[in-house]
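Examination of the molecular architecture
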Amino acid sequence: MNKKNRKMKRYAIVYADGSNRRLTQIDYLSHEAAEDALMYYIDCNNSGYKKDGNNHLDPFDFMIKEIEYEVLRKATRRCIRNKK
């Protein structure tokens, strides 16, 4: 069986304090999708709080981290019948 190794890049939102904790468990396919999700989360969280409060989130509280996955792909199999 022939296998090909391919590296795939995904993106995750993590806290910027260096703890490597994730904000969500979702891996995003692009950097832009991760940015959009982060801004949506911040906007939804900050809508109920004042700017000077402790619960107000800032985009600099988070980072978007690139994650590489190694994907193993199986070669496609073809069934060849003997013709007589």
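For clarity, every value in this text was computed on a predicted model and none was experimentally measured. Residue numbers run consecutively from 1 along every chain, following the written order of its sequence. Selection of residues for local features in this predicted model requires a pLDDT of at least 70, selection of side-chain atom pairs for listing and counting requires 80 or more, and totals for whole chains, interfaces and linings are taken over all residues. Where side-chain values are given, they derive from all heavy atoms of the structure, hydrogens and water being excluded.

Attention now moves to the nonpolar core. Among the buried residues, those of types Ala, Val, Leu, Ile, Met, Phe, Trp, Tyr and Cys that are joined through side-chain atoms within 4.5 Å form a nonpolar core. Relative accessibility thresholds used throughout: buried, under 20% of the residue-type maximum; exposed, over 50%; partly exposed, between the two (1.4 Å probe, protein chains only). With nine residues, the main nonpolar core is built from Tyr 11, Ile 13, Leu 23, Tyr 28, Ala 34, Leu 38, Ile 42, Leu 57 and Phe 62. Only runs of H or I of at least four residues qualify as helices and only runs of E of at least two qualify as strands under DSSP, and these elements are numbered from the N terminus. Sorting the residues of this core by element identifies strand E1 (3–15) and helix H1 (31–46) as the ones contributing at least two each. Top element by residues in this core is H1. It accounts for three residues. If near-sequence neighbours (up to four positions away) are discounted, Leu 57 is found in contact with Tyr 41, Ile 42, Asn 45, Asn 46 and Phe 62. It only takes one pair of heavy atoms within 4.5 Å for two residues to be counted as in contact.

Basic side-chain nitrogens of Lys or Arg form a salt bridge, by our definition, when they fall within 4 Å of a carboxyl oxygen of Asp or Glu. Per the stated rule, a full pass over the model turns up three salt bridges. Across the salt bridge formed by Lys 9 and Glu 66, the nearest N and O atoms sit 3.8 Å from each other. Here Glu 66 lies in strand E2 (residues 62–74) and Lys 9 lies in strand E1, a separation of 57 residues in the sequence. Under the relative-accessibility criterion, Glu 66 is labelled partly exposed at 42%. Salt-bridge contacts for Asp 17 lead to Arg 21; the nearest nitrogen and oxygen are separated by 3.7 Å. When its relative accessible area of 54% is taken as the criterion, Asp 17 is described as exposed.

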